[in-house]
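Tertiary structure, described
Below are the chains, spelled out letter by letter.
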Amino acid sequence: MLTRRHFLGALSGLAGAGLLSVPVSALDFIDFTGSELAGLEASGAPYVINFHASWCPTCAAQQRVLDALQAESAAYAGITILRVDWDTYGNSELARNLAIPRRSTLVLMRGTSELGRLVAETRKAEIAALLDLGAR
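Residues numbered from 1 in each chain as written. Predicted model: local features only at pLDDT ≥ 70, side-chain atom pairs only at ≥ 80, totals over all residues. Heavy atoms only, no water.

**Details of the overall build of the chain**
- Of regular secondary structure, the chain possesses six helices and five strands.
- Relative to its 136 residues, the chain shows a buried fraction of 38%.
- The long-range share in the chain, meaning contacts at least 24 apart out of those at least 6 apart in sequence, stands at 71%.
- About 7,800 Å² of surface is accessible on the chain, with carbon and sulfur atoms providing 55% of the total. (Helix = DSSP H or I, 4+ residues; strand = E, 2+ residues; numbered from the N terminus. Buried < 20%, exposed > 50% of the residue type's maximum accessible area, 1.4 Å probe, protein only. Contact = heavy atoms within 4.5 Å. Areas by Shrake-Rupley, 256 points an atom, 1.4 Å probe, with all protein chains shown as cover.)

**A look at the environment of cysteine 56**
- By the secondary structure assignment, cysteine 56 is in the loop between strand E2 (46-52) and helix H3 (57-72).
- Along the primary structure cysteine 56 and tryptophan 86 are separated by 30 residues, whereas in three dimensions their C-alpha atoms are 9.7 Å apart.
- In contact with cysteine 56, not counting residues within four places along its chain, are Arg103 and Ser104.

**What to know about the packing of H3 against helix H6 (residues 124-135)**
- Axis separation between H3 and H6 bottoms out at 10 Å; the angle between their running directions is 65 degrees. Here the hand of the crossing between H3 and H6 comes out right-handed. Residues Gln62, Val65, Leu66, Ala68, Leu69 and Glu72 of H3 form the contact with H6, whose participating residues are Lys124, Ile127, Ala128 and Leu131.
- A class-by-class count of the residues in the contact of H3 with H6 yields seven nonpolar, one polar and two charged. (Axes fitted to C-alpha atoms, helices over the stretch in contact; angles between N-to-C directions. Left-handed = near helix turned anticlockwise from the far one by under 90°. Nonpolar A, V, L, I, M, F, W, Y, C, P; charged D, E, K, R; others polar.)

**Some points on the environment of glycine 90**
- In this fold, glycine 90 is placed in the loop between helix H4 (86-89) and helix H5 (93-97).
- Judged by its relative accessible area of 12%, glycine 90 falls in the buried class.
- Separated by 37 residues in sequence, glycine 90 and alanine 53 place their C-alpha atoms 9.5 Å apart.
- Here glycine 90 is in contact with Asp85 and Ala95, once residues within four sequence places are set aside.

**Observations concerning the pairing of E2**
- Of all seven residues in E2, seven are buried, a share of seventy percent or more.
- With burial as the criterion, each face of E2 is covered, one bearing Pro46, Val48, Asn50 and His52 and the other bearing Tyr47, Ile49 and Phe51.
- Where E2 meets strand E4 (residues 105-110), six bridges bridge the pair, whose relative direction is antiparallel. Paired with phenylalanine 51 across the two strands is threonine 105, which belongs to E4.
- Examined bridge by bridge, E2 and strand E3 (residues 80-85) share six bridges and lie parallel to one another. Bridge pairing links isoleucine 49 to leucine 82 in E3. (Pairing = 2+ DSSP bridges.)

Following this line, the structure appears as C-alpha cells:
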C-alpha cells in the first residue's frame, strides 16, 4: 500500500536525483541596493521597478499575480523586476525622481523612459497589460 509518507519520499528521491524538474522562473527578480539601476538603464531591455514592502498586503497580491504570470507564459522572460524595498528606499532619490506616491507601485521602464505604471493594482489583466508594453 502506498502511503503519503512513501509518496513524498519517492518525490524527494526523484527531485534529489534530478529526475523531477522545477520550472525555471520566467521573470528575473533583483533586489535594489542602489547599483543595479545603471545596468538596467544601459541594457535597453524593458524592466519593472517594483516599490514594495514586506508587510504590505497589496504588494503581496501583486507578487502572487507576477508569479502566476511567470508560471503561465514565457513571454515575459526578458523583463527584469527590480524590487525596491519601500521601508528602505521610499524616500530615496529614485522614488522622488519617479514621483512614486506609495508602495505597491509598478513602473515599467526602458532605459530612462517610463512606458507605464500601476499604483495599488492587483488585477491580473492590468498587470499583464503593463508587462505586455515591455514585451513588444
